[in-house]
Amino acid sequence: MSESKPGWKSIPIAGILLEPGSAMKYKTGSWRAFRPVIDEEKCIGCFLCWIYCPDGAVIREEKSVKINYDYCKGCGICANECPAKAITMVEEKR
Amino acid sequence: MSKVLGLTGDGAVAYAVKQCNVDVVAAYPITPQTLIVEEFSEYVHNGEVHTEFVCVESEHSAMSACIGASLTGARVFTATASQGLALMHEMLYIASTLRCPIVMGVVNRTLSAPINIHCDHSDMMGSRDCGWIQVFVENAQEAYDWVIQAFRIAEDPDVLLPVAVNLDGFILSHSLEGVRVLDDEEAEKFVSTRKPVLTIDPDKPITVGAICFTDFYFETKRQHVDAMDNSPKTISKVNDEFAELTGRRYGFIDTYEMEDAEAAIICLGSTAGTAMAVAKSMRAKGKKVGVIKPWVYRPFPTEQIIKAVENLKALAVLDRACSVGAPYGPLCSDVIAALYREGIKLNLFNVIYGLGGRDIRPTDIEAIFNEALEVAKTGVIKEPLKFVGVRE
Ligand code: SF4
Ligand code: SF4
């Protein structure tokens, strides 16, 4: 895999990334072992999960929230913080 | 017109920094480096420099602030010693691999325990693999001269590496010498201002220090090695220009009476001065001895040392640091590796001396020379690694 990537003579020095926002290309969702699942019935729309998510993976909607599974790393902070116990961490089966 | 000032080693460093158009100094005081930041902060206070002086709470923060400032394209200086350098250790690697051309004065002092404020090279040797260019000086004049050259070397787009200028704690840092200094305008013209290559700029965002896993870390480190391997070209160029300006010629190593020497001492820092004085008096008695003093320790001056030892029969390598458990001290290991790489078999022995500021006297040096002459004559090395100046 590493052979198909550019070598040290052609990449920018010092591990610098010249393209802004390129972290979007890095889908960290693949790291997830547990997936947060929202129970919209229980959700009270307090948006605490949206505030607490360290990865900005909670998408705020009108009354409730959605998870962006491309970037959610499955840390479980949202589930821990949810006052309505509306988020369940379900084991990923890949 | 240049003039001569009475300066301590630390004072010479501070004076050089004052003349180098430095944008940011972030430093924390530690003996025997304190005089550098103390004197420099006076220049700031008096409005003699435009430098932003950042008083930080530790050396770890000092180097962190230097890295941040350097990434914005600023010219940056700091200074430390001993435990301070040790506390910076992780940031030293970050500074070098992020290719921040920071210049740092390292006023060599031993590492605890037991706590001791005096000179040896354990501090720099403990961080010798941090990927910085490392220079060792013999006196205050050299400290002044190398600090000025260091900015040019570090900031050259072909190099972009931090440079540590090492001077012996107390022996140099606190001793007053006549130092020939440049006029402010001459110095300013020589160092000019930094022309940064890639900088942090809100209008042209880049990401610095992003995570780099198995797929790119190795490539980044390989670039770092390449930058160090390329640095001799720049170092020579800067040495040449400096010689033209001042008449003072620097290089990778300094040699004394090496042309026909049978036995020699190689050592770093102020001890080389003592060794040269002893060599001079032994020469007067017809003993063919010489001295090699590496100015540049990283990149290691392999080529220059090989050439210097061409006609030599025996060499004593003096280390003011010990690598406990290793076959030799750090300088000796490097010398042997350099010789081996070129297929040269030279009879040598390693002397560990001066730890914790223990004096190395002319009589000690003379005895080492005599032992080296004996090895030159007989080809027999009695003690490959010996400790000079320690009580049994
Ligand atoms: S599990 Fe962690 S990363 Fe995923 S949405 Fe919740 S807080 Fe964010
Ligand atoms: S914390 Fe719980 S209740 Fe609040 S918005 Fe998120 S899921 Fe809904």
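Rules of the game
- Within each chain, residues carry numbers counting from 1 in the order of the written sequence.
- Chains and ligands are labelled sequentially in the order written, the chains with letters from A and the ligands with numbers from 1.
- The model is predicted, so local features are restricted to residues of pLDDT at least 70 and side-chain atom pairs to those at 80 or more, both for listing and for counting; the totals for chains, interfaces and linings are taken over all residues.
- Calculated side-chain values reflect all of the structure's heavy atoms, with hydrogen atoms and water omitted.
- We count a stretch as a helix when DSSP gives it H or I for four or more residues in a row; a strand needs E for two or more, and each element gets its number in order from the N terminus.
- With C-alpha atoms as the basis for the radius of gyration, the globule rule is written as 2.2 Å multiplied by the number of residues raised to the power 0.38.
- We call two residues contacting when some pair of their heavy atoms lies within 4.5 Å.
- Computed by Shrake-Rupley with a 1.4 Å probe, the accessible areas treat only the displayed protein chains as cover when residues are assessed.
- Counted charges follow a simple rule, with Lys and Arg positive, Asp and Glu negative, and His plus the chain ends left uncounted.
- Charged side chains are reduced to one point each, which is NZ for Lys, CZ for Arg, CG for Asp and CD for Glu.
- Accessible area that two parts lose when put together, with a 1.4 Å probe and added across both, is what the buried area reports.
- Salt bridges, as used here, are contacts in which a Lys or Arg side-chain nitrogen is within 4 Å of a carboxyl oxygen on Asp or Glu.
- Polar contact criterion, stated in full: a pair of N or O atoms within 3.5 Å, where within protein one must be able to donate a hydrogen and the other to accept it, and residues adjacent in sequence count only if both atoms are side-chain atoms.
- When DSSP locates at least two bridges between a pair of strands, those strands are taken to pair.
- Simply put, an axis is a line fit to the C-alpha atoms, just over the touching stretch for a helix, and the angle between two N-to-C directions goes from 0 to 180 degrees.
- Source of the domain bounds: an automatic or database domain assignment.
- For this analysis, a ring pair means two rings from Phe, Tyr or Trp (six-membered ring only for Trp) whose centres lie within 6.5 Å, classed as stacked if their planes differ by under 30 degrees, edge-to-face if by over 60, and tilted for the remaining angles.
- Remark: exposure states derive from per-residue accessible area (1.4 Å probe, protein chains only) relative to the maximum for the residue type, with buried under 20%, exposed over 50%, and partly exposed in between.
- Here the expected span of a helix is defined as 1.5 Å times the quantity of residues minus one.
- One fitted axis covers the seven residues ending at a residue, a second covers the seven starting there, and the bend at that residue is the angle between these axes.

As for the overall build of chain A
When you go through chain A residue by residue, the secondary structure sums to two helices and four strands. Taken from N to C terminus, the helices and strands of chain A fall in the order β-α-β-β-α-β. For 94 residues, the compact-globule formula gives about 12 Å, and the C-alpha radius of gyration of chain A, at 17 Å, lies well above that figure. Summarising the internal contacts of chain A: among those between residues at least 6 apart in sequence, 65% fall at separations of at least 24. Roughly 6,500 Å² of accessible area belongs to chain A as shown, and the carbon and sulfur atoms make up 55% of that amount. With 14 positive and 12 negative side-chain charges, chain A shows a spacing of 4 Å between the two charge centroids.

Section: the interface of chain A and chain B
Between chain A and chain B, the residue contacts involve 15 residues of the former and 18 residues of the latter. Here chain A and chain B share an interface that buries about 1,600 Å² over both sides, 70% of which is from carbon and sulfur atoms. When the area that chain A buries against chain B is broken down by residue, the three leading residues are A:W8, A:I13 and A:A14, summing to 37%. Taken together, the links from chain A to chain B amount to one salt bridge. Across the pair A:K5 and B:D215 runs a salt bridge whose closest N-O atoms are separated by 2.8 Å. At the surface where chain A touches chain B, the tally comes to six residue pairs in polar contact (both at pLDDT 80 or more).

Re the sheet that holds strand β5 (residues 103-108) of chain B
As a general point, the strands of a sheet are linked pairwise by backbone hydrogen bonds and lie either parallel or antiparallel. Residue and element names in this part refer to chain B. What the seven strands build is an open sheet, ordered β3-β2-β4-β5-β7-β6-β12; its pairing is mixed. Each end of this open sheet is capped by a strand with a single partner; those strands are β3 (52-55) and β12 (296-298). Along the sheet, successive strands turn relative to each other by an average axial angle of 20°, direction set aside. As judged from the four bridges shared by strand β2 (residues 24-27) and β3, these two strands associate in the parallel manner. Looking at the pairing, V24 lines up with E52 of β3.

Focus: the domain arrangement of chain B
Buried accessible area, meaning the area lost when the parts come together, often serves as the stated size of an interface. All names here are of chain B. Entries for chain B in the domain assignment read domain 1 (3-246) and domain 2 (253-388). Relative to domain 2, the C-alpha centre of domain 1 lies at a distance of 28 Å. In total, domain 1 and domain 2 occlude about 1,900 Å² of area from one another, counting both sides; carbon and sulfur atoms represent 59% of this. It is R128, F136 and E138 that lose the most area in domain 1 upon contact with domain 2, and together they represent 29% of the buried surface on that side. The interface formed by domain 1 and domain 2 includes three salt bridges. Residues K293 and E142 are paired through a salt bridge, measuring 2.7 Å at the closest nitrogen-oxygen approach. Taken together, domain 1 and domain 2 are joined by 11 residue pairs in polar contact (both at pLDDT 80 or more). For the side of domain 1 that touches domain 2, the secondary-structure elements that each account for two or more residues are α5 (122-126), β6 (133-136), α6 (140-155) and α8 (217-246).

A few points about the packing of aromatic side chains
All names here are of chain B. Using the criterion set out here, one finds 12 aromatic pairs over all chains in the structure. Ring centres 6.5 Å apart and planes at 45° place the aromatic pair F77 and F151 in the tilted group. Here F77, found in strand β4 (residues 76-80), pairs with F151, found in helix α6; they are 74 residues apart in sequence, far enough to count as distant. Judged by its relative accessible area of 0%, F151 is buried. Taken together, the ring pairs connect W146, F190, F242, Y250 and W295 into an aromatic cluster.

Re helix α4 (residues 82-97) of chain B
Residue and element names in this part refer to chain B. Relative to the 22 Å expected for 16 residues at 1.5 Å per residue, α4 spans 22 Å between its end C-alpha atoms, a close match to the ideal helical length. The largest bend in α4 comes to about 60°, at H89. Of the residues making up α4, those classed as buried are S82, G84, L85, M88, M91, L92, A95, S96 and T97. For α4, the elements touching its buried residues are α3 (59-71), β4, β5, α5 and α8. Just beyond α4, the residue with positive phi is R99, at close to 60°.

Some words on the environment of B:G325
All names here are of chain B. Structurally, G325 can be placed in the loop between β13 (314-319) and α11 (330-341). Residue G325 is classed as exposed on the basis of its relative accessible area, which comes to 82%. Remark: the alpha-carbon pair of G325 and V44, spanning 281 residues in sequence, is separated by 46 Å.

Structural notes on the environment of B:H224
Residues and elements named next belong to chain B. Within the secondary structure layout, H224 lies in helix α8. Each C-alpha atom, one on H224 and one on Y353, is 33 Å from the other, the two residues being 129 residues apart in sequence. H224 has contacts with S96, T97, C130, G131 and L161, leaving out every residue within four places of it along the chain.

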